[in-house]
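Architecture at a glance
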Amino acid sequence: ERVQIAHLMNHTAINMHYVNGVPANKKMPKITEFLNGNSEYGYEPLKVINTPGTKFQYSGGGFIILEHLIEAMAEQS
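The following paragraphs examine the structure supplied in this document. (Residues numbered from 1 in each chain as written. Predicted model: local features only at pLDDT ≥ 70, side-chain atom pairs only at ≥ 80, totals over all residues. Heavy atoms only, no water.)

1. Points about the overall build of the protein chain
Along the backbone of the protein chain there are three helices and zero strands. In the protein chain, the order of α-helices and β-strands from amino to carboxyl end is α-α-α. Whereas a compact globule of 77 residues would reach a radius of gyration of roughly 11 Å, the protein chain reaches 13 Å, a difference of no more than 12%. For the protein chain, the spread of C-alpha atoms along the principal axes amounts to about 40 × 25 × 15 Å. (Helix = DSSP H or I, 4+ residues; strand = E, 2+ residues; numbered from the N terminus. Rg over C-alpha atoms; globule rule 2.2 N^0.38 Å.)

Written as structure tokens, this is what we have:
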């Protein structure tokens, strides 16, 4: 509940250093599969690793959450 959008954008809350790609010949999984972990593409479940806003640690995971929020607000994938 303490993670805010600013924490997602400034890399001060979520794990996952690098966002793995999905091969062009594969169907893109739903973004929720990346939030919860997707072993086929090497994704661990996303989790809060530091008290939000206290420590910088590059996190592609924050951008996965941002994508999920955008999809939820736009009501489209």
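2. So, the packing of aromatic side chains
Counted according to the given criterion, the structure contains one aromatic pair. When the centroid spacing of 4.3 Å and the interplanar angle of 45° are considered together, the rings of Phe34 and Tyr43 count as tilted. The class for Phe34 is buried, based on a relative accessible area of 2%. Exposure remark for Tyr43: the relative accessible area of 5% places this residue in the buried category. (Phe/Tyr/Trp six-rings, centres within 6.5 Å; stacked < 30°, edge-to-face > 60°. Buried < 20%, exposed > 50% of the residue type's maximum accessible area, 1.4 Å probe, protein only.)

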